Amino acid sequence: MTRLGSRQGLPLWAKILMPLLMLLILAGGVAAWFLTGQTGPAGGGEYTLEVQPGDTLAAVAQELEDNEVVRSADALRYEMRRAGTDGSLKEGLYDVSGQMTVAEVAEALAGTPGFLP
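It should be emphasised that the depicted structure is a prediction, and the values quoted were computed from it without experimental measurement. (Residues numbered from 1 in each chain as written. Predicted model: local features only at pLDDT ≥ 70, side-chain atom pairs only at ≥ 80, totals over all residues. Heavy atoms only, no water.)

1. Digging into the overall build of the chain
Move 1: Scanning the chain from N- to C-terminus turns up 4 helices and 2 strands.
Move 2: Of the contacts made within the chain by residues no fewer than 6 positions apart, 61% connect residues no fewer than 24 positions apart.
Move 3: Total accessible area on the chain stands at roughly 8100 Å², and carbon and sulfur atoms take up 60% of it. (Helix = DSSP H or I, 4+ residues; strand = E, 2+ residues; numbered from the N terminus. Contact = heavy atoms within 4.5 Å. Areas by Shrake-Rupley, 256 points an atom, 1.4 Å probe, with all protein chains shown as cover.)

2. Points about the environment of Leu76
Move 1: Relative to the elements of secondary structure, Leu76 occurs in helix α3 (residues 73-83).
Move 2: Among the residues examined, Leu76 registers a relative accessible area of 0% and is labelled buried.
Move 3: On a C-alpha basis, the gap between Leu76 and Ala58 in space is 9.1 Å, while along the polypeptide they are 18 residues apart. (Buried < 20%, exposed > 50% of the residue type's maximum accessible area, 1.4 Å probe, protein only.)

3. Regarding the nonpolar core
Move 1: Of all hydrophobic cores here, the largest spans 21 residues; its most connected members are Leu49, Val60, Leu64, Val70, Leu76, Val105 and Leu109.
Move 2: Secondary-structure elements contributing two or more residues to this core are β1 (46-51), α2 (57-66), α3, β2 (92-97) and α4 (102-110).
Move 3: No other element matches the 5 residues that α4 contributes to this core.
Move 4: Apart from residues lying up to four places away in sequence, Val105 is in contact with Leu64, Val69, Val70, Leu76, Ser97 and Met100. (Core = buried A, V, L, I, M, F, W, Y, C linked by side-chain atoms within 4.5 Å.)

4. Digging into the pattern of salt bridges
Move 1: Here the structure, examined in full by the defined rule, presents 2 salt bridges.
Move 2: Notably, a salt bridge pairs Arg77 with Asp74, separated by 3.0 Å at the nearest N-O pair. One end of the pair is Arg77 and the other is Asp74, both in helix α3 and 3 residues apart, which spans about a single turn.
Move 3: The partly exposed category is assigned to Arg77, whose relative accessible area is 24%.
Move 4: Put simply, Glu79 and Arg82 hold a salt bridge, and the shortest N to O gap is 2.6 Å. In this pair, Glu79 and Arg82 are both assigned in helix α3, 3 residues apart and thus about one turn of the helix distant. (Salt bridge = Lys/Arg side-chain N within 4 Å of Asp/Glu carboxyl O.)

Here it is in structure tokens:
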């Protein structure tokens, strides 16, 4: 015997919250997939970068993106800011490769010119 007016199933707040939670999880997964793609190897060949006095990190990062060493100049600049090495770019020649990750390229640019893993 059922009572009149009894509710069955999930409450209204749960019916609203569950789809929103699923969308949030999906968005997080897409963001993680996108960021992983931006920080992985770009697939280009070896490249010798010449940093001259007055070159900015933005210009160097864009040159590396244009030559398929990194997929995203923004990702490289972010990685160097995150590591605290964005101000340590020294003039010289840097041997880098499109087979390196963004973190490896950032490490190479922060180190002594001539680095090749």
